[in-house]
Amino acid sequence: MEQTKQEIKSQGRVPLAADGVMFDIRDLNLYYGDFHALKDISMEILSQKVTAFIGPSGCGKSTLLRCLNRMNDLVENCRIEGNIKLGKKDIYDDKAIDVVHLRTEVGMVFQNPNPFPMSIYDNVVYGLRCQGIKDKALLDHVVETSLKQAALWDEVKDDLAKNGTKLSGGQQQRLCIARAIALQPSVILMDEPTSALDPIATGKIEELMESLKENYTIIIVTHSMNQAARISDNTAFFYLGELIEYNETGKVFSNPDNPRTEAYITGRFG
């Protein structure tokens, strides 16, 4: 079991570039047909930090997020120029990286909780079973560890056979996070993960993100300026497909360099 646990762990770790850079994005342009959705995006996303993408609807933040695990490959008439390196690997070089493996290393949590219609236990181990892992002791270990990391274990440990869809909204979202964690990714992408949750559940997810960054790089798309200010280390502001400003969160919110950033975070538009 120990060897298999190590294999799982090693699958989700990539060699980082200098200075702990997880993603190095250079001259990225994305088109949906003739529509130019992302325009010359260049930025570095640091390892084991929470990075927030903010901006009005349609500004490109979710589009960029989906580039980071190549989910835009599934969109018809989508064309991408430039490059994105995960650690030292160009994720759009099919000779350098396998897309299935990429999506193991870069987990995704969506806006609306989407647990599978199966038990809590089976939700967490689903990805491992798809990889052919059947060791019951290992799966038990992963379930407990992942649910603990997702701050859900104490609430569900006595009822792991319960259908995941029967949990509350906030619990469902934490179950989805546990499902992603089970594969030991390097990165967790979160696309407005609290927009469908009540304030109490939102607070629990935010506390969870703070603890998870000790082991994972987290990138979150959020419409909430307060949320970005509370939980992120770095913030990127997007507008009409352009990266307007990217800096430490305290700097962006207290003394932004660009007047458009200040206008957005103070509510003058968006």
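Colleague: Looking at this structure, I do not really get the overall build of the chain. What am I missing?
Modeller: For the chain, the count of helices and strands is 11 helices and 10 strands. A globule of 270 residues ought to have a C-alpha radius of gyration of about 18 Å, and the chain, at 19 Å, matches this closely. On the principal axes, the C-alpha backbone points of the chain span a range of 55 × 45 × 35 Å. A buried classification covers 50% of the 270 residues belonging to the chain. At a minimum sequence separation of 6, the contacts of the chain that also span at least 24 residues come to 69%. Total accessible area computed for the chain in this model is approximately 12,300 Å², and 47% of it derives from carbon and sulfur atoms. Side-chain charges in the chain split into 30 positive and 37 negative, and the spacing between the mean points of these groups amounts to 2 Å.

Colleague: Just checking my understanding: could you explain the environment of aspartate 24 for this structure?
Modeller: Here aspartate 24 lies in strand E1 (residues 21–32). When the C-alpha atoms of aspartate 24 and isoleucine 84 are compared, they prove to be 5.7 Å apart, with 60 residues separating the residues in sequence. Aside from chain neighbours lying at most four places away, what touches aspartate 24 is Met43, Glu44, Asn83, Ile84 and Lys85. Side-chain polar atoms of aspartate 24 contact the side chain of arginine 26, separated by 2.7 Å.

Colleague: Sorry if this is basic, but what is going on with the packing of aromatic side chains here?
Modeller: By convention here, two paired aromatic rings are described through the distance between centres and the angle between planes. All told, the structure shown has 3 aromatic pairs when counted by the stated rule. Taking 5.2 Å as the distance between ring centres and 70 degrees as the angle between the ring planes, the aromatic pair formed by phenylalanine 53 and phenylalanine 238 counts as edge-to-face. Highlighted residues: phenylalanine 53 in strand E3 (residues 50–54) and phenylalanine 238 in strand E9 (residues 234–239), separated in sequence by 185 residues. Take phenylalanine 53 and phenylalanine 238: they sit in the same class, and that class is buried. Between the NZ or CZ atom of arginine 79 and the centre of the ring of tyrosine 31, over which it lies, the distance is 4.2 Å. One cation-aromatic arrangement involves arginine 179 over phenylalanine 116; the distance from NZ or CZ to the ring centre is 4.1 Å.

Colleague: Would you mind showing me how to read the layout of surface pockets here?
Modeller: A water-sized probe, rolled over the atoms, reveals where empty space remains. Considered as a void within the structure, the largest pocket measures approximately 540 Å³ in volume. What lines the largest pocket is a set of 20 residues, and nearest its centre among them are Arg103, Thr104, Gly107, Met108 and Leu183. Of all the secondary structure elements, the ones that give two or more residues to the lining of the largest pocket are helix H3 (99–105), strand E6 (106–109), helix H4 (120–130) and helix H7 (169–181).

Colleague: How should the side chain of asparagine 258 be read in this particular structure?
Modeller: Counting through the fold element by element, asparagine 258 comes out in the loop between helix H10 (249–254) and helix H11 (259–265). Residue classification places asparagine 258 among the buried positions, given a relative accessible area of 18%. Among the polar contacts made by the side chain of asparagine 258, one reaches the main-chain amide nitrogen of arginine 260 at a distance of 2.8 Å. Leaving out residues up to four positions away in the same chain, asparagine 258 has contacts with Ile244 and Glu245.

Colleague: In this structure, what is going on with the pattern of salt bridges? I would like to understand it.
Modeller: For side chains bearing opposite charge, pairing can occur when the charged atoms are close. Per the stated rule, a full pass over the model turns up 13 salt bridges. A salt bridge links aspartate 122 to arginine 129; the shortest N-O distance between them is 2.6 Å. For aspartate 122, a relative accessible area of 25% puts it in the partly exposed group. Taking the relative accessible area as the measure of exposure, arginine 129 reaches 40% and is therefore partly exposed. Where aspartate 140 meets lysine 136, a salt bridge forms, and the shortest distance between an N and an O atom there is 3.0 Å. Here aspartate 140 pairs with lysine 136, and both are found in helix H5 (residues 136–149), just 4 residues apart, close to one helical turn. Judged by its relative accessible area of 29%, aspartate 140 falls in the partly exposed class. In the salt-bridge network here, residues are joined through shared partners; they are Asp24, Arg26 and Glu44.

Colleague: Is there a simple way to think about the nonpolar core in this case?
Modeller: The nonpolar side chains of a soluble globular protein tend to be buried with one another. Leu147, Leu160, Ile177, Met190 and Leu212 are the most contacted members of the largest nonpolar core, which has 45 residues in total. Discounting residues that sit within four places of it in the chain, methionine 190 has contacts with Leu65, Val109, Ile177, Met209, Ile218, Ile219, Ile220 and Val221. In this structure, Ala37, Val221, Ala236 and Phe238 belong to the second largest nonpolar core, which totals 29 residues.

Colleague: What is the right way to look at the sheet that holds strand E4 (residues 78–86) in this model?
Modeller: Sheet strands associate in pairs through backbone hydrogen bonding, adopting either a parallel or an antiparallel arrangement. In spatial order, the strands read E2-E1-E4-E5; together these 4 strands make up an open sheet with antiparallel pairing. The sheet is open, and its two borders are formed by strand E2 (35–46) and strand E5 (89–90), each paired with just one other strand.

Reading the values: rules and limits
- Residues numbered from 1 in each chain as written.
- Predicted model: local features only at pLDDT ≥ 70, side-chain atom pairs only at ≥ 80, totals over all residues.
- Heavy atoms only, no water.
- Helix = DSSP H or I, 4+ residues; strand = E, 2+ residues; numbered from the N terminus.
- Rg over C-alpha atoms; globule rule 2.2 N^0.38 Å.
- Buried < 20%, exposed > 50% of the residue type's maximum accessible area, 1.4 Å probe, protein only.
- Contact = heavy atoms within 4.5 Å.
- Areas by Shrake-Rupley, 256 points an atom, 1.4 Å probe, with all protein chains shown as cover.
- Lys, Arg positive; Asp, Glu negative; His and termini not counted.
- Charge placed at Lys NZ, Arg CZ, Asp CG, Glu CD.
- Polar contact = N/O pair within 3.5 Å; in protein donor to acceptor, adjacent residues only side chain to side chain.
- Phe/Tyr/Trp six-rings, centres within 6.5 Å; stacked < 30°, edge-to-face > 60°.
- Lys NZ or Arg CZ within 6 Å of the ring centre and 35° of its normal.
- 1 Å grid on protein atoms, 1.4 Å probe; cavity = no way out; pocket = protein on both sides within 12 Å on 5 of 7 lines; lining within 4 Å.
- Points joined across faces, edges and corners; volume = space filled by probe spheres on them.
- Salt bridge = Lys/Arg side-chain N within 4 Å of Asp/Glu carboxyl O.
- Core = buried A, V, L, I, M, F, W, Y, C linked by side-chain atoms within 4.5 Å.
- Pairing = 2+ DSSP bridges.

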